[in-house]
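Here are the chains, one letter per residue:
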Amino acid sequence: MKEIVCKLLVIGAGPGGYVCAIRAGQLGIDTVIVEESKPGGTCLNVGCIPSKALIHAAEEFAVVRRMAAGRSPIGIRVGDAAIDLAKTIGWKDGIVGRLTSGVSTLLHKANVKIVHGRAAFRDGKTVEVETETGAQIIRADTVVIATGSEPVDLASLPFGGRVISSTEALSLKDLPEKLVVVGGGYIGLELGTAFAKMGSEVTVVEAMPQILPQYDADLVRPVLRKLGELGIHVLTGAKAKGLSGDGNALFVEAADSQEQQLPADRILVTVGRKPKTAGSGLEELDLDRSGPYLRIDERCRTSMRGIYAIGDVTGEPMLAHRAMAQGEMVAEIVAGRKRAWDKRCIPAVCFTDPEIVTAGLSPGEARAQGYEIRVGQFPFSANGRAMTMHSDEGFVRVVARADTNLVLGLQAVGAGVSELSATFAHAMEMGARLEDIAGTIHAHPTRSEAIQEAALKALGHALHI
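Residues numbered from 1 in each chain as written. Predicted model: local features only at pLDDT ≥ 70, side-chain atom pairs only at ≥ 80, totals over all residues. Heavy atoms only, no water.

### Observations regarding helix α8 (residues 320-334)
In a regular helix each residue adds 1.5 Å, so 15 residues correspond to 21 Å; α8 covers 21 Å between its end C-alpha atoms and thus fits that length. With eleven of its 15 residues buried, α8 lies for the most part within the structure. Regarding α8, the residues found buried are A320, R322, A323, Q326, G327, M329, V330, A331, E332, I333 and V334. Among the structural elements, β1 (2-11), α1 (15-26), α2 (41-46), α3 (48-68), β6 (134-145) and β19 (307-309) are those in contact with the buried residues of α8. Just downstream of α8 lies G336, where phi reads positive at about 100°. (Helix = DSSP H or I, 4+ residues; strand = E, 2+ residues; numbered from the N terminus. Expected span 1.5 Å × (residues − 1). Buried < 20%, exposed > 50% of the residue type's maximum accessible area, 1.4 Å probe, protein only. Contact = heavy atoms within 4.5 Å.)

### So, the environment of Q377
Here Q377 shows up in strand β22 (residues 373-379). For Q377, a relative accessible area of 28% gives the class partly exposed. As a C-alpha pair, Q377 and A462 span 85 residues in sequence and 9.6 Å in three-dimensional space. When residues no more than four places from it in sequence are discounted, the contact partners of Q377 are F395, V396, R397, A454 and K457.

### Observations regarding the UniProt feature "binding site: FAD" (unreviewed entry) in the protein chain
In the numbering used here, UniProt assigns the "binding site: FAD" (unreviewed entry) feature to K52, T147, G148, S149, D312, M318, L319, A320 and H321. Considering the C-alpha atoms alone, the annotated residues occupy 270 residues of sequence and remain spread out, their largest mutual distance being 22.5 Å. The residue L319 is located in the loop between β19 and α8 in this model. The contact partners of L319, leaving out residues within four places of it in the chain, are D312, I346, P347 and A348. Relative to the helices and strands, H321 is located in helix α8. For H321, the contacting residues outside a window of four places in its chain are I346 and P347. (UniProt positions renumbered as here; feature names shortened; annotations may be inferred.)

### Some remarks on the UniProt feature "binding site: NAD(+)" (unreviewed entry) in the protein chain
Here the UniProt-annotated "binding site: NAD(+)" (unreviewed entry) positions come out as G183, G184, G185, Y186, I187, G188, L189, E190, E206 and G272. Spanning 90 residues, the named residues form one tight spatial group whose C-alpha atoms are at most 14.1 Å apart. Structurally, I187 can be placed in helix α6 (residues 186-198). With residues up to four places along the chain from it excluded, the contact list for I187 reads S166, T270 and R273. If you trace the backbone, G188 turns up in helix α6. Take G188: its relative accessible area is 0%, and that puts it in the buried class.

### Structural notes on the side chain of T131
Mapped onto the elements, T131 comes out in strand β5 (residues 126-131). Discounting chain neighbours no more than four positions away, the residues touching T131 are V115, H116 and Q136.

So, in structure tokens, the structure goes:
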């Protein structure tokens with residue numbers, strides 16, 4: 001049995017794991033990374049990147065369909081529109097391939113040794129990896145667990161056949177005529193919207209009273225309106241009970257306790273994700289947990305000395321950029337640098353139509369924490385650039401302390417607002433006040449002017465509304 005000895009072992013080559021390994025390699029640390037699949041993890045292979053490719057393709061097709069139907073407000077007409085989903089998926093797979101091979105190149109450039117296979121702990125410093133050529137032992141001074149997460153299924157709707165997870169949804173070669181999405185969170189709505197734009201008849205089943213329950217009603221309202229325009233049927237306060245006898249429909253208990261039967265070619269279950277730890281041997285270590293997740297401190301240390309954990313395996317928020325930031329920090333800690341998690345916010349984006357972006361506290365969250373606040377909100381319907389792009393739904397909102405004008409949070413809903421996420425996070429990290437945002441010249445005509453206008457409104461003197 002082969003044996004490798006190293007300074008740092010990273011288990012999992014997702015966004016957190018590969019960033020940790022690359023940074024460690026740059027710092028001269030002898031590093032090994034183990035990955036059972038392709039580098040890039042869920043995000044690059046079956047999550048963030050492929051879903052955004054599909055969302056983009058769906059939007060392009062929807063625009064062409066409107067033109068073909070003579071419903072383009074800007075006067076463009078084209079012939080009949082059609083989509084070859086298999087070709088679209090091939091294009092998406094090409095993007096994924098370029099990015100995953102790029103990660104491998106970066107790891108090699110940083111002198112990180114890559115071992116392909118599944119790692120299982122023998123003890124706190126030793127793992128056994130099942131590779132194609134047999135078992136391999138790796139001993140390390142420090143271990144980073146970055147195994148990520150996987151979709152949660154329902155006891156009444158186990159994955160298989162017509163019941164699929166987001167992973168299978170991103171590889172369908174044929175467009176389902178009728179798609180039922182169980183779970184009205186961001187994953188379900190992003191994919192459900194994309195399939196509706198490509199021509200599927202989509203129904204969303206959500207157990208909570210509101211879709212996207214992590215966001216306030218003002219942010220969700222424009223999304224709900226768009227779902228209606230796309231013909232997507234939304235059932236809130238409803239529970240999926242199981243398949244019909246012939247497997248061709250989903251039984252649903254509606255909010256009024258009445259049972260409905262929803263015909264479906266595919267049933268997409270997006271009710272959450274869970275830490276991916278099966279077969280990892282973590283039970284041998286008896287690490288402290290927070291529910292199903294590994295408990296960590298402000299330096300991503302677990303309860304066992306020399307073992308760190310980053311990314312989805314540590315719980316919410318399950319975001320690739322959080323994992324990347326954790327990975328970079330842990331690599332520097334292992335190298336002897338003084339680091340600790342001190343981020344003021346982690347921006348979050350929902351790639352629905354329209355998009356939602358948040359950073360920091362919402363008005364309700366700020367009030368719940370005892371702050372007296374000022375709130376400024378500016379609609380894109382008064383923004384020139386949004387009008388010229390025929391996408392003026394939504395708004396930008398800023399939340400600040402009433403006594404000092406310190407910005408506590410920024411939110412937006414609208415077309416393309418995901419690109420405001422860095423500006424929002426930067427303002428939070430720099431400790432910006434309303435005067436800082438209002439006093440910064442924003443280029444005209446751009447959507448970002450709405451940020452300045454929201455700050456001006458919070459100060460009591462908006463200029464363009």
